[in-house]
Amino acid sequence: MSVYSEKLDHIHKNYGLLTEKSGEPGKDFLSMHVSALKDGALSHKEKELMCLCVAISIRCEGCILDHLSNAIDAGATKDEITETVNTALVMSGGPAYVYGGTALEAMEELFDKKKADDK
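All figures in this text were calculated on a predicted structure; none of them were measured in a lab.

1. Some thoughts on the overall build of the chain
Of regular secondary structure, the chain possesses six helices and zero strands. Taken from N to C terminus, the helices and strands of the chain fall in the order α-α-α-α-α-α. Based on the C-alpha atoms only, the size of the chain along its principal axes is roughly 35 × 35 × 25 Å. Out of the 119 residues belonging to the chain, those deemed buried represent 31%. Considering only intrachain contacts with a sequence separation of at least 6, the fraction spanning at least 24 residues in the chain is 70%. Carbon and sulfur atoms form 59% of the exposed surface of the chain, whose accessible area is close to 7200 Å².

This is the structure:
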């Protein structure tokens with residue numbers, strides 16, 4: 001297994017732990033998350049790309065990996081993800097350059113993994 005896939009698996013494991021231990025606050029956050037990101041005037045995919053842009057801007061690697069993975073699962077293309085990274089660069093400059101690079105590196109790995117899983 002590769003680096004970002006392992007980190008993503010670990011993040012998802014921690015989500016389960018937090019939800020189990022935190023009680024209502026964790027459940028409430030998950031409920032808000034699902035509600036806010038479902039299809040509406042904007043598609044789920046578009047909202048995941050927006051979350052990815054914010055995650056890059058606030059420099060949260062876990063958020064980058066989670067929303068990147070969700071965007072890919074929602075059908076985002078490499079070009080759409082790259083444009084999302086470029087948008088983060090406009091808004092956040094140098095830090096987004098570093099974390100945007102992380103997002104693009106993880107994108108390649110996750111697309112490769114998805115392709116292998118689909119076979």
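2. Some words on the pattern of salt bridges
Scanning all chains against the criterion turns up five salt bridges. For the salt bridge of Lys-78 with Glu-108, the shortest nitrogen-to-oxygen distance reads 2.9 Å. One end of the pair, Lys-78, is in helix H5 (residues 78-92); the other, Glu-108, is in helix H6 (residues 94-118), and 30 residues separate them in sequence. Overall, the relative accessible area of 32% leaves Lys-78 in the partly exposed class. Linking Asp-117 and Lys-113 is a salt bridge whose minimum nitrogen-to-oxygen distance equals 3.0 Å. Highlighted residues: Asp-117 and Lys-113, both in helix H6, separated by four residues, approximately one helical turn.

Thresholds applied
- Along each chain, residue indices are assigned from 1 in the same order as the chain's sequence is written.
- For this predicted model, a pLDDT threshold of at least 70 governs which residues receive local features, and a threshold of 80 or more governs which side-chain atom pairs are given and counted, while totals over whole chains, interfaces and linings are taken from all residues.
- To get the side-chain values, take all heavy atoms of the structure and skip hydrogens and water.
- Numbering goes from the N terminus for both helices and strands, where a helix is a DSSP run of H or I of at least four residues and a strand is a run of E of at least two.
- When a residue's accessible area, from a 1.4 Å probe over protein chains only, is under 20% of the maximum for its type it is buried; when over 50% it is exposed; and in between it is partly exposed.
- Should any heavy atoms of two residues lie within 4.5 Å, those residues are counted as being in contact.
- Note on areas: Shrake-Rupley with a 1.4 Å probe; residue coverage comes only from the protein chains shown.
- For salt bridges, the criterion is a side-chain nitrogen of Lys or Arg within 4 Å of an Asp or Glu carboxyl oxygen.

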